[in-house]
Structures are given as C-alpha cells and as structure tokens.
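An overview of the molecular structure
The residues making up each chain are set out below.
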Amino acid sequence: ILFEPEKLRTVEGREVMTLRGATLPLCRLDRLFRLEAAEPPELDADGTPPRRYVVVCAVAHRRLGFVVDGLDGQQDIVIKSLGKSLQRVRGFAGATDLGDQQVALVLDVPALLEELLGTPELTALEASR
C-alpha cells in the first residue's frame, strides 16, 4: 500500500491509518531501529519526496503496518541463524543470501507484533476496532 502521510492520524500518541474501514497501527522501521539516512532522500523529478510503502503484516487477529522505503519484490528464501553472538538481537529472525552476493536481514514479524502491539496504548486501540 502506498504510504500517504496526509492520511495519518494520531491515536493516543501512536500513528495509525484507516485501511478498509479498520484502524491500522503503524511502525516506521527506520525509527524503530534508530536508522539515520546517510544522506537526505533525493526528490523525484516533480519535486516530491520519494514514495514510501506500508507493508501490512498479520499474525492471528493482530495487524500492523510497517512503513518502508521501498519494495524489491517477492522471493522464496532460506533463513539462516544469526549465530550465537547475535541470536538475541531484537527484531530479526535471521539472515538470507539474496543470490547476488548480498545478504539481507529477515524481520521476526511475530516477535515485533508482540512487542509493538503488546503496549497498553495499542492494545486499547486494537480493542476499539
């Protein structure tokens, strides 16, 4: 889903959007992992900021939208452990080889949903749906 900042609302201090008539809590991954862009994003040819997207993830009845900078498609992967020294790194299930000598970290979506939706504010928000 295309991320449209003008459609955001704040409910009890959390960003949400309406998707198909239901309130969807959002998580900006760059903020969650405290990532700072190496350089400001370039503007598109028409002078607007680049598009961002919302990836909707669900586990059982719980849903959360992750705001991401881009989408690279879909592929089957094999998730490899991060190893003993990194196994307790929050938010990651492991890593995978993308086949072009690039490695990608794989999010642990169920754990992130539990962590982010387990807060009292979002639990109350979910109950209001």
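Because the structure is predicted, anything quoted here is derived from the model rather than measured. (Residues numbered from 1 in each chain as written. Predicted model: local features only at pLDDT ≥ 70, side-chain atom pairs only at ≥ 80, totals over all residues. Heavy atoms only, no water.)

This part is about the overall build of the protein. Scanning the protein from terminus to terminus reveals three helices and seven strands. In sequence order, the secondary structure elements of the protein are arranged as β-β-β-α-β-β-β-β-α-α. Relative to its full complement of 129 residues, the protein shows a buried share of 28%. The contacts in the protein between residues at least 6 apart in sequence include a share of 47% that link residues at least 24 apart. (Helix = DSSP H or I, 4+ residues; strand = E, 2+ residues; numbered from the N terminus. Buried < 20%, exposed > 50% of the residue type's maximum accessible area, 1.4 Å probe, protein only. Contact = heavy atoms within 4.5 Å.)

This part is about the packing of aromatic side chains. Per the stated rule, a full pass over the model turns up one aromatic pair. Consider the rings of Phe-33 and Phe-92, whose centres lie 5.0 Å apart with planes at 25 degrees: the pair is stacked. Here the residue Phe-33 occupies a position in the loop between α1 (29-32) and β4 (53-59), and Phe-92 occupies one in strand β6 (residues 92-97), the gap between them amounting to 59 residues. In this structure Phe-92 comes out as buried when scored by relative accessible area, which is 19%. (Phe/Tyr/Trp six-rings, centres within 6.5 Å; stacked < 30°, edge-to-face > 60°.)

Let's shift gears to helix α2 (residues 109-117). Within the span of α2, buried status applies to Leu-112, Leu-113, Leu-116 and Leu-117. Down the axis, α2 shows its buried residues gathered within 105 degrees of arc, on one side only. (Arc of directions from axis to C-beta.)

Bringing the confidence of the model for the protein into the picture now. Model confidence for the protein is summarised by a mean pLDDT of 84, while 88% of its residues fall at 70 or above. Here residues 120-129 is a poorly scored stretch, pLDDT under 50, and it has 21 contacts once near neighbours within four places are set aside; other chains count. (pLDDT = per-residue confidence, 0-100.)

As a further point, take the sheet that holds strand β1 (residues 9-11). Strand order in the open sheet made by the five strands is β1-β2-β3-β5-β4, with mixed pairing throughout. The two strands at the open ends of the sheet, each matched to only one other strand, are β1 and β4. Averaged over all pairs of adjacent strands, the angle between strand axes in this sheet comes to 45 degrees, irrespective of strand direction. Bridge count between strand β2 (residues 14-19) and strand β3 (residues 22-28): four bridges; the pairing is antiparallel. (Pairing = 2+ DSSP bridges. Axes fitted to C-alpha atoms, helices over the stretch in contact; angles between N-to-C directions.)

Here we take up the nonpolar core. Counting eleven residues, the largest nonpolar core consists of Cys-27, Leu-29, Leu-32, Cys-57, Leu-64, Phe-66, Val-68, Leu-112, Leu-113, Leu-116 and Leu-117. In terms of residue count, the dominant contributor to this core is α2 (four residues). (Core = buried A, V, L, I, M, F, W, Y, C linked by side-chain atoms within 4.5 Å.)

Time to look at the pairing of strand β7 (residues 103-107). Pairing analysis gives five bridges linking β6 to β7, with the strands arranged antiparallel. From the neighbouring strand, Thr-96 faces β7, where its bridge partner is Ala-104. Two successive antiparallel strands, β6 and β7, enclose a turn made up of five residues, where Gly-99 displays a positive phi of approximately 90 degrees.

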